[in-house]
Amino acid sequence: MSLAILSKPAFRDFVARLLADYRVAGPVAHNGSFIFDEIRDPSELHMDYPTTLLPPKKFLLPIREVLFRFKRQDGGVLQAPPETPPTVLLGVHTCDLHAIQLLDTVFSSGHYDIHYVNRRKKTLIVSIECLGPCDEHSFCKSMGTLTADEGYDLHLTDLGDQYAVDVGTQAGKELLEKYASAKPADKEDVQRLNAVISAKWPRFSYRLDFDVSELPSVLELGMKSPLWEELGQRCLACAACTNVCPTCFCFDVKDEVELNLVDGQRVRQWDSCQLDEFATVAGGHNFRASRALRQRHRFMRKGKYILDAHKHLGCVGCGRCARACIVDITPVGVFNELYRQQQAGS
Ligand code: SF4
Ligand code: SF4
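Residues numbered from 1 in each chain as written. Chains lettered and ligands numbered in written order. Predicted model: local features only at pLDDT ≥ 70, side-chain atom pairs only at ≥ 80, totals over all residues.

Participant: Is there a simple way to think about the site of ligand 1 in this case?
Facilitator: All residues adjacent to ligand 1 are C235, L236, A237, C238, A239, A240, C241, Q274, A324, C325, V327 and I329. Here the shell around ligand 1 is built from residues that sort into 11 nonpolar, one polar and no charged. (Near = placed C-beta within 6 Å. Nonpolar A, V, L, I, M, F, W, Y, C, P; charged D, E, K, R; others polar.)

What follows is the structure, encoded as structure tokens:
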């Protein structure tokens, strides 16, 4: 929509003013790593963080949430949980921005998820351009998520002593006008921004050995690959990979009843296709009983099934699952190995 310039001190003032009216969350230091957390003061923010343990998804799809409370008395009483406060998510990287776009599509089409959608409507996103890879596990350039031209309300690019602020939505424009002392970008600012953006691309490398557009067919052709058995032997079914993933959205729903057998609550919490019991159904039948089948299912979703269903890839190349997996099962390793096997066989 338009481009503005915000000095670093003015950005701190912007955040301080937001805190008066919004729940504000962003990247903060935590035990030698970084996490997305609510902040109380702008000084807690680390806008130049590499990556976070969990993605900002947890503010839109909480790890555990009460859907409603109930009472099995007086004909049954339902009570909605407290409303989520208006929230500003600061410092969202573009890979996570792409992941949120996928979640928006998933939860607002087909079975419309009122809990997610209400929370999303109250959330403003101030994302930030990545100027260097998080670490050796990132493969955002291969997945096409190294930048984004939509999905944010405001998008920052660090120009050193100031931020270039791209206004993405009317809500972002109003946020900037009300809470920030920004100035419109002039020709020199635009030239400086272009120089920063051009300089960033060579810092990232392509890590897939093929173009990402081939990924669905690489996976389809790899359905019967012996690789899945090999991964099944290594995998510990710990679910760390899916727990840290910004695009995984499977959940479980349980009723928790109090000891008085009258009051209770319905709770939703994250689940994982990598756990033994995930696909266990009535009669104890498990339709994905082996770790090999579960690994195959996970990677098929990341590179094909979710794309087929929702027109977005199910992997944004953030590398969190690769960092989390203690037996070194990684998307880049899996996708490239399938491709290598197919090249060797053709
Ligand atoms: S993190 Fe690694 S070991 Fe754990 S479930 Fe995922 S692939 Fe298996
Ligand atoms: S599959 Fe791994 S690399 Fe891809 S989005 Fe999920 S956590 Fe990130």
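Participant: Help me understand the sheet that holds strand 5 (residues 77-79) in this model?
Facilitator: As a general point, the strands of a sheet are linked pairwise by backbone hydrogen bonds and lie either parallel or antiparallel. Sheet architecture is open: four strands sit in the order 5-4-12-11, paired in antiparallel fashion. Edge strands, defined here as strands with exactly one partner in the open sheet, are strand 5 and strand 11 (251-257). Averaged over neighbouring strand pairs, the angle between their axes works out to 20° when direction is ignored. Two elements, strand 4 (residues 64-71) and strand 5, share three bridges in a ladder whose sense is antiparallel. Within the sheet, the bridge partner assigned to F70 lies in strand 5 and is L78. (Pairing = 2+ DSSP bridges. Helix = DSSP H or I, 4+ residues; strand = E, 2+ residues; numbered from the N terminus. Axes fitted to C-alpha atoms, helices over the stretch in contact; angles between N-to-C directions.)

Participant: What should I look at first to understand the pairing of strand 12 (residues 263-270) in this one?
Facilitator: Within a regular beta strand, the side chains point alternately toward one face of the sheet and then the other, so they alternate between its two faces. Direction of pairing for strand 4 relative to strand 12: antiparallel, over a ladder of seven bridges. When the bridges of strand 12 are listed, R69 appears paired with Q265. For strand 11 and strand 12, the ladder comprises seven bridges, and the chain directions are antiparallel. Pairing of V253 across the sheet is with R268, part of strand 12. Adjacent in sequence and paired antiparallel, strand 11 and strand 12 are bridged by five residues, among which L261 carries a positive phi angle near 60°.

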